[in-house]
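Residues per chain, in single letters:
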Amino acid sequence: LGGVARDLFGVYASIVLPMVLAAGVLATRMATQPDEATLIRAAQRGDAEAFETLVRTYDQNVLRIAMNLLRSPEDARDIYQEAFLRVYKNLHTFRFDCSFHTWLYRIVTNICLDHLRKRKVRREESTVIDTPEGPLDRIDHFAQEGPGGDPERHTWNRQLQEKIGSALEDLSPRERMVFELRHYQGLRLRNIGEMLGTSEEAAKNCLFRATQKMRSVLGEFV
Amino acid sequence: MKCEDIVHAIPLYLYGEVTPVVEELVEDHIAGCAACAQEFTLQKAVHAALDTREMTVPAGLLQECRGDLTRKIARVPEHQRAGHHSGVGDWLRDLLHHGIPMRVPVSAMALIAIGYFAARLTGPVHSDVPGSLTTTNAGLENAGFSSSIRSIESQPSGSVRIALDETHRREVTGRLDDEKIVRLLLAAASEENNAGIRVESVGMLKECAQSSPVRAALLDRVLHDPNAGVRWKALEGLKAFAGETAVRKTLAQVLLHDDNPGVRIETIEVLESHRDDAMVGILQDVFQKEDNHYVRTRVQNALQEMHATLGTF
């Protein structure tokens, strides 16, 4: 009987106890961390700390989207400021009829699309500079800088990046946006459609056109 | 499914955006069709190549953006601030703001009418209770004066006794060489509840960092301020004094302990503006412990330019 009791205690100590502890930790965390709806409501009432927490939840992704799309830290910085100031001024209009994530990304994608359209009109390539070795994307150069590395691989990478860069430039702003959100941000086409105020089917067609353009430019290179 | 349909389905298949039925059809077809299998391999390679294009956000940019946002929000006019919007007022503001073509003349007429009726209908209002407040509620909320109600008690006489905490706002204008202005800025630099005010005040104090109390405040902020934007501003102010022992000692601590890579990079830049061999050991130490690739690269460059080895032996 003593052995059975010891076994039962062993089972309790090794399985049940950690589960109880984990549940306790989780419950404490849930109790101390306000959920998003609570944060939004607090921010709507003017709670600066709640607003800051909301910003910090999403701002890395927002900055990444802006960097990927516009390939310029200056433009990315402008988009960040414009997006979150717009969120700050319009948060009172958020009525919880979609997720905050979707609402925020709707704002961000609209601003990015405006920038991309203006850039298309101006035919601006703010990050590309002429060098004695040909055009160079400063951003790629920055991203790839680092000690060591195979020179041949580096040249091939550079050519690949140039090809991808030119393929991306050929996309329409909307195709560019759908492609960015699906390929780099990993969002589902249904969400992308919702963010861009269109249907999943339209987003699907947009992604298809984008991938076809990429394929025609990169197909012979890869 | 025909080959043409398969070729169309491949990109969406690669993104996992097809139904399980289509997924199976694509896989079955590719298994038995060499041309489509070749197209699939090619599209998969393009898909993978595109992954290499993903950007990394430059170190420090996020922190800069957060600092800028804090400053910009601090400058948002009161009526546009979060928490200021409410029901009917909000609706009316939106209505006026969004495209009523006559909004300017209508608003002007409304203001004239309000002014007229306000002058007719209001005047000094006196309470019947001796010794009580003689201003209206509107009087408590005028510019430069704010109050909060501490307690409310009903009196046996049927009147109400209200206790208020009052704060008077005062505006002070002056130049940065005015000692009083600097004193106020120093107080603002440690205003713990408002990071925006701290950023603004430290941004101004860095213009007069030749004064020792200001420099001491900047050193304190760079070490202890919880907001990276404030620490960043304080670092900028210390750049011209990078040769001073106290400053270098503090910067070494920042480099070893600050949790923000942007601040650490800025610290390296400040230290680089006045090189000395005493920093080599600290930089070597940082190089061994640093997790952030970009910060490590900056430290490495700094050490190489000082003709120092990366490690200690």
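Residues numbered from 1 in each chain as written. Chains lettered and ligands numbered in written order. Predicted model: local features only at pLDDT ≥ 70, side-chain atom pairs only at ≥ 80, totals over all residues. Heavy atoms only, no water.

Asker: Please set out the overall build of chain A residue by residue, giving values where relevant.
Answerer: When helices and strands are tallied, chain A shows 10 helices and two strands. Counting from the amino terminus, chain A carries its helices and strands in the arrangement α-α-α-α-α-β-β-α-α-α-α-α. Buried residues in chain A amount to 40% of all 222 residues. Sequence-distant contacts in chain A: of pairs separated by 6 or more residues, those separated by 24 or more amount to 65%. In the structure as shown, chain A presents an accessible area of about 12,200 Å², 53% of it carried by carbon and sulfur atoms. (Helix = DSSP H or I, 4+ residues; strand = E, 2+ residues; numbered from the N terminus. Buried < 20%, exposed > 50% of the residue type's maximum accessible area, 1.4 Å probe, protein only. Contact = heavy atoms within 4.5 Å. Areas by Shrake-Rupley, 256 points an atom, 1.4 Å probe, with all protein chains shown as cover.)

Asker: Give me the overall build of chain B: which residues, what numbers.
Answerer: When you go through chain B residue by residue, the secondary structure sums to 15 helices and two strands. For chain B, contacts bridging at least 24 residues in sequence account for 49% of all contacts bridging at least 6. In the structure as shown, chain B presents an accessible area of about 19,000 Å², 56% of it carried by carbon and sulfur atoms.

Asker: Could you give an account of helix 10 (residues 200-218) of chain A, with specific residues and numbers?
Answerer: With 19 residues, helix 10 of chain A extends 26 Å from end C-alpha to end C-alpha; this agrees with the ideal 27 Å at 1.5 Å per step. All of the buried residues in helix 10 of chain A are Ala203(A), Lys204(A), Cys206(A), Leu207(A), Phe208(A), Ala210(A), Thr211(A), Met214(A) and Leu218(A). Where helix 10 of chain A is buried, its residues touch helix 7 (151-169), helix 8 (173-184) and helix 9 (189-195) of chain A together with helix 1 (3-14) and helix 3 (34-51) of chain B. (Expected span 1.5 Å × (residues − 1).)

Asker: Which residues make up the interface of chain A and chain B, and what are the values?
Answerer: The parts lose accessible area when they come together, and the size of an interface is often stated as this lost area. With 53 residues of chain A in contact, the opposing surface of chain B contributes 44 residues. Across the chain A/chain B interface, buried area totals approximately 4,700 Å², and carbon plus sulfur atoms make up 63% of it. Linking chain A with chain B are six salt bridges. Of all elements in the fold, only helix 2 (36-44), helix 3 (48-70), helix 4 (73-90), helix 6 (138-144), helix 7, helix 8 and helix 10 of chain A reach the threshold of two or more residues within the side of chain A that touches chain B. Residues that form the side of chain A that touches chain B fall into these classes: 26 nonpolar, 12 polar and 15 charged. (Buried area = accessible area lost by both parts, 1.4 Å probe. Salt bridge = Lys/Arg side-chain N within 4 Å of Asp/Glu carboxyl O. Nonpolar A, V, L, I, M, F, W, Y, C, P; charged D, E, K, R; others polar.)

Asker: Let's hear about helix 9 (residues 195-205) of chain B: which residues, and what values?
Answerer: Residues spaced three or four apart along an α-helix face the same direction, because each turn holds 3.6 residues. Residues and elements named next belong to chain B. Along helix 9, eight of the 11 residues are buried, which leaves the element largely enclosed by surrounding structure. Regarding helix 9, the residues found buried are Ala195, Gly196, Arg198, Val199, Ser201, Val202, Gly203 and Leu205. Packing partners of the buried residues in helix 9 comprise helix 4 (61-74), helix 8 (179-189), helix 10 (212-224) and helix 11 (228-238).

Asker: I'd like a rundown of the side chain of Arg264(B), residues and numbers included.
Answerer: All names here are of chain B. Here Arg264 lies in helix 13 (residues 261-272). The class for Arg264 is buried, based on a relative accessible area of 9%. Non-local contacts of Arg264, meaning those with residues more than four positions away in its chain, are made with Val254, Leu255, Asp258, Asp259, Glu290, Asn292 and Val295.

Asker: Explain the layout of surface pockets to me, using residue names and the numbers behind them.
Answerer: As a volume, the largest pocket reaches approximately 1,100 Å³. Lining the largest pocket we find 45 residues, and of these Glu52(A), Arg56(A), Arg66(B), Thr70(B) and Asn227(B) sit closest to its centre. Those elements that provide at least two residues to the lining of the largest pocket are helix 3 and helix 4 of chain A together with helix 4, helix 9, helix 11 and helix 13 of chain B. Residues that form the lining of the largest pocket fall into these classes: 20 nonpolar, 14 polar and 11 charged. Put simply, the second largest pocket is a space of about 780 Å³. Taken together, 21 residues form the lining of the second largest pocket, with Arg170(B), Leu184(B), Leu185(B), Ala188(B) and Ile197(B) sitting closest to its centre. Only strand 2 (160-168), helix 8 and helix 9 of chain B provide two or more residues apiece to the lining of the second largest pocket. Along the lines of polarity and charge, the residues of the lining of the second largest pocket split into nine nonpolar, seven polar and five charged. (1 Å grid on protein atoms, 1.4 Å probe; cavity = no way out; pocket = protein on both sides within 12 Å on 5 of 7 lines; lining within 4 Å. Points joined across faces, edges and corners; volume = space filled by probe spheres on them.)

Asker: Outline the packing of helix 13 of chain B against helix 15 (residues 293-305) of chain B, listing residues and values.
Answerer: Residue and element names in this part refer to chain B. Closest axis-to-axis distance for the helix 13/helix 15 pair is 9 Å, and the angle between their directions is 10 degrees. Taken together, the axis directions place helix 13 and helix 15 in an arrangement best described as roughly parallel. Of helix 15, the residues touching helix 13 (which contributes Pro261, Arg264, Ile265, Ile268, Glu269 and Glu272) are Tyr294, Val295, Arg298, Val299 and Ala302. (Axes fitted to C-alpha atoms, helices over the stretch in contact; angles between N-to-C directions. Parallel < 35°, antiparallel > 145°, perpendicular 65-115°, else oblique.)

Asker: Residue-level account of the pattern of salt bridges, with values.
Answerer: For the coordinates displayed, the defined rule picks out 28 salt bridges over all chains. With its nearest N and O atoms 3.0 Å apart, the salt bridge here joins Glu52(A) to Arg56(A). Placement of both Glu52(A) and Arg56(A) in helix 3 is noted, with a separation of four residues, approximately one turn of the helix. Each member of the salt-bridge network shares a partner with another, and the members are Arg77(A), Glu64(B), Asp68(B) and Arg71(B).

Asker: If you had to explain the nonpolar core to someone new, which residues and values would you point to?
Answerer: Within the largest apolar cluster, 80 residues are counted, with the highest numbers of intra-cluster contacts made by Phe100(A), Leu104(A), Phe179(A) and Met214(A). Considering each element in turn, this core owes the most residues, 12 residues, to helix 3 of chain A. Leaving out residues up to four positions away in the same chain, Phe100(A) has contacts with Glu36(A), Ile40(A), Leu54(A), Tyr58(A), Val87(A), Leu91(A) and Phe94(A). Of all hydrophobic cores here, the second largest spans 41 residues; its members include Val182(B), Cys208(B), Ala234(B) and Leu235(B). (Core = buried A, V, L, I, M, F, W, Y, C linked by side-chain atoms within 4.5 Å.)

Asker: Tell me about empty space enclosed by the protein, and name the residues and values.
Answerer: What the rule picks out here adds up to two cavities of 30 Å³ or more. The calculated volume of the largest cavity comes to roughly 90 Å³. In this structure, the largest cavity is lined by Thr211(A), Met214(A), Arg215(A), Pro11(B), Leu14(B), Tyr15(B), Gln43(B), Val46(B), His47(B) and Leu50(B). Every element with two or more residues in the lining of the largest cavity is listed here: helix 10 of chain A together with helix 1 and helix 3 of chain B. When residues of the lining of the largest cavity are assigned to their parent elements, the largest contribution, four residues, is made by helix 3 of chain B. Residues that form the lining of the largest cavity fall into these classes: six nonpolar, three polar and one charged. Within this model, the second largest cavity holds a volume of roughly 50 Å³.

Asker: Describe the side chain of Lys204(A), and please don't skip the residues or the numbers.
Answerer: Structurally, the position occupied by Lys204(A) is in helix 10. Although Lys204(A) is buried, it makes no salt bridge; Glu201(A) carries the closest opposite charge, 4.2 Å away. When neighbours within four sequence positions are excluded, Lys204(A) is seen to be in contact with Leu189(A), Leu12(B) and Glu17(B). (Lys, Arg positive; Asp, Glu negative; His and termini not counted.)

Asker: Summarise the packing of helix 3 of chain A against helix 8 of chain A; cite the residues concerned and give the values.
Answerer: Residue and element names in this part refer to chain A. Packing of helix 3 against helix 8 brings their axes to within 11 Å, and their N-to-C directions diverge by 125 degrees. Put simply, helix 3 runs oblique to helix 8. Crossing handedness for the pair helix 3 and helix 8: right-handed. For the pair helix 3 and helix 8, the contacting residues are Arg64, Ile65, Asn68 and Leu69 in the first and Arg176, Met177, Glu180, Leu181 and Tyr184 in the second. (Left-handed = near helix turned anticlockwise from the far one by under 90°.)

By themselves, these figures tell us nothing about what the structure is for.
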